[in-house]
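Breakdown of the fold
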Amino acid sequence: MQDYFKEKAQNWDSGDIRVKGAKIIADAIEKEIPLHKDMEILDFGVGTGLLGFSIAPKVKQVYGVDTSAKMLEKLQEKNSPDLHIQTYHQDIIKEPLKQQFDGLISSMTLHHVEDLDAFFAAIYKNIKQDGFIAIADLESEDGTFHSDNTGVHHFGFDAQTLRDIVQKHGFEDVKIENINTIQKPHRNFGVFLLTAKK
């Protein structure tokens, strides 16, 4: 697995836009999904745990999966006896997880996933019946969101195209709504939250 975030991991949590963005996504998920203390949740592309640690106090356990060993190292430094994310370092498309979860959350990771069909087919198996997915990412953009597009496979997403893929793999009640706007000097970028049920 190539670690595109090896160099970025050290200072990842110092990005104000990133930290605030994860909080906005966490709040939007809580508004849409009734979280409770019996839930086991998978955070896909957990990184340093910015989203996962916001959700963790509301549920039984957050499990985080990421292909970047360096990002997971930064996450481990933040783990405590009270607030703990259990991590997996693997590509769950090539090496699927056996465990099933009550839900999957994800923040700004989907555009790094090359094969969306393979991804949604894989995670469908990891979600319990009546479970949910809550995935936040960029609305369609012109490729200028990242200064370096290494490891970026999609310049944001068209809502209808994404909805069709998600439904094709068995998810229902698909809802996509704008939850944030990231302002950069040259233009603004919309962020959506996709929620669906199994």
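Residues numbered from 1 in each chain as written. Predicted model: local features only at pLDDT ≥ 70, side-chain atom pairs only at ≥ 80, totals over all residues. Heavy atoms only, no water.

1. So, the pattern of salt bridges
- For the structure shown, the criterion picks out nine salt bridges.
- Note that Glu73 and Lys70 form a salt bridge whose closest N and O atoms lie 3.6 Å from each other. Of this pair, Glu73 and Lys70 both sit in helix α3 (residues 69-78), three residues apart, which is roughly one turn of the helix.
- Residue Glu73 is classed as partly exposed on the basis of its relative accessible area of 43%. (Salt bridge = Lys/Arg side-chain N within 4 Å of Asp/Glu carboxyl O. Helix = DSSP H or I, 4+ residues; strand = E, 2+ residues; numbered from the N terminus. Buried < 20%, exposed > 50% of the residue type's maximum accessible area, 1.4 Å probe, protein only.)

2. Overview of the packing of aromatic side chains
- Under the defined criterion, the tally for this structure stands at seven aromatic pairs.
- Considering the side-chain rings of Phe145 and Phe189, the 5.1 Å spacing of their centres and the 80° angle between planes classify their relative orientation as edge-to-face. Placement of the pair is Phe145 in the loop between β5 (127-138) and α5 (159-168) and Phe189 in strand β7 (residues 188-197), with a sequence separation of 44 residues.
- On the accessibility criterion, Phe145 (11% relative accessible area) is buried.
- Since its relative accessible area comes to 1%, Phe189 is described here as buried.
- Ring pairs connect the aromatic residues Phe44, Phe119 and Phe120, which therefore count as one cluster.
- Over the ring of Tyr124 we find Lys198, and its NZ or CZ is 4.3 Å from the ring centre. (Phe/Tyr/Trp six-rings, centres within 6.5 Å; stacked < 30°, edge-to-face > 60°. Lys NZ or Arg CZ within 6 Å of the ring centre and 35° of its normal.)

3. Thoughts on the confidence of the model for the chain
- Residue-level pLDDT values for the chain average 90, and 91% of them are 70 or greater.
- No element of the chain has a lower mean pLDDT than helix α1 (residues 16-32), at 88, and none a higher one than strand β1 (residues 40-44), at 98. (pLDDT = per-residue confidence, 0-100.)

4. Re the environment of Glu172
- Within the fold, Glu172 resides in strand β6 (residues 172-183).
- Considered as a pair, Glu172 and Gly21 are 151 residues apart in the sequence and their alpha carbons are 26 Å apart.
- Glu172 has contacts with Ala196 and Lys197, leaving out every residue within four places of it along the chain. (Contact = heavy atoms within 4.5 Å.)

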